[in-house]
Structures are given as C-alpha cells and as structure tokens.
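Each chain, written out:
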Amino acid sequence: MRMLRILGLALAAATLAGVSAVGAVSAAASSPNISRDDCTAAGGQIVSRPYAGDACALPDGTTQPIT
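Summary of the structure given here. (Residues numbered from 1 in each chain as written. Predicted model: local features only at pLDDT ≥ 70, side-chain atom pairs only at ≥ 80, totals over all residues. Heavy atoms only, no water.)

### A look at the overall build of the chain
Helix and strand counts for the chain stand at 2 helices and 3 strands. When its helices and strands are written in sequence order, the chain yields α-α-β-β-β. In the chain, which comprises 67 residues, the proportion classed as buried is 12%. Counted over contacts in the chain with a minimum sequence separation of 6, partners at least 24 positions apart contribute 25%. Of the roughly 5100 Å² of accessible surface on the chain, a fraction of 65% belongs to carbon and sulfur atoms. (Helix = DSSP H or I, 4+ residues; strand = E, 2+ residues; numbered from the N terminus. Buried < 20%, exposed > 50% of the residue type's maximum accessible area, 1.4 Å probe, protein only. Contact = heavy atoms within 4.5 Å. Areas by Shrake-Rupley, 256 points an atom, 1.4 Å probe, with all protein chains shown as cover.)

Below, the structure written as structure tokens:
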C-alpha cells in the first residue's frame, strides 16, 4: 500500500512537471515579436497600446508586440 502511494505521488509530480513545461514552451512560442511589414503582409492591423508600445492585431484574434 505504501509503495502504491509513493508511485502515485511520483506519477502526479511527473504529470504536473510535464504540463508546466509544455505550458511554458507553448506560451513562449505563441507570442513572438513581429515587424510592421510582416504584420501588414499577414493581414493584421497595427494598434497603439498606451504605455506598452505598438502591437499587431492579426485576423485570428491574437495580438503580438511589434519589434
């Protein structure tokens, strides 16, 4: 019984570590910077955000910072 509990905790910890690693990678990959030319070429609009600079609003609903 004790061994089963230890294995269960190890599996839970490994699952949480895997989910957090995947989340960090996908968050980093989903928000790259884009240039003004790339923004307009992709059909996006350049929007000005107060205190945050310019961003590109793409047609799929995402917003990316402009470099």
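### Describing the nonpolar core
The tendency in soluble globular proteins is for nonpolar side chains to be buried as a group. Of all hydrophobic cores here, the largest spans 5 residues; its members are Ile34, Cys39, Cys56, Leu58 and Ile66. Contact partners of Leu58, with chain neighbours within four places excluded, come to Ala42, Gly44 and Gln64. (Core = buried A, V, L, I, M, F, W, Y, C linked by side-chain atoms within 4.5 Å.)

### Quick notes on the environment of Asp37
Tracing the backbone through its elements, the reader meets Asp37 in helix H2 (residues 36-41). Judged by relative accessible area, which is 62%, Asp37 ranks as exposed. For Asp37 and Ile66, which are 29 residues apart along the polypeptide, the C-alpha to C-alpha distance reads 9.8 Å.

### Describing the environment of Gly61
One can find Gly61 in the loop between strand E2 (53-57) and strand E3 (63-65). C-alpha of Gly61 to C-alpha of Gly44: the two residues are 17 residues apart in sequence and 9.5 Å apart in space.

### Side note on the sheet that holds strand E1 (residues 45-49)
Taken in spatial order, the 3 strands of this open sheet run E1-E2-E3, and their pairing is antiparallel. What marks the edges here is a single partner per strand, and that holds for E1 and E3. The sheet shows a mean angle of 35 degrees between the axes of neighbouring strands, direction not considered. (Pairing = 2+ DSSP bridges. Axes fitted to C-alpha atoms, helices over the stretch in contact; angles between N-to-C directions.)

By themselves these figures say nothing about function.
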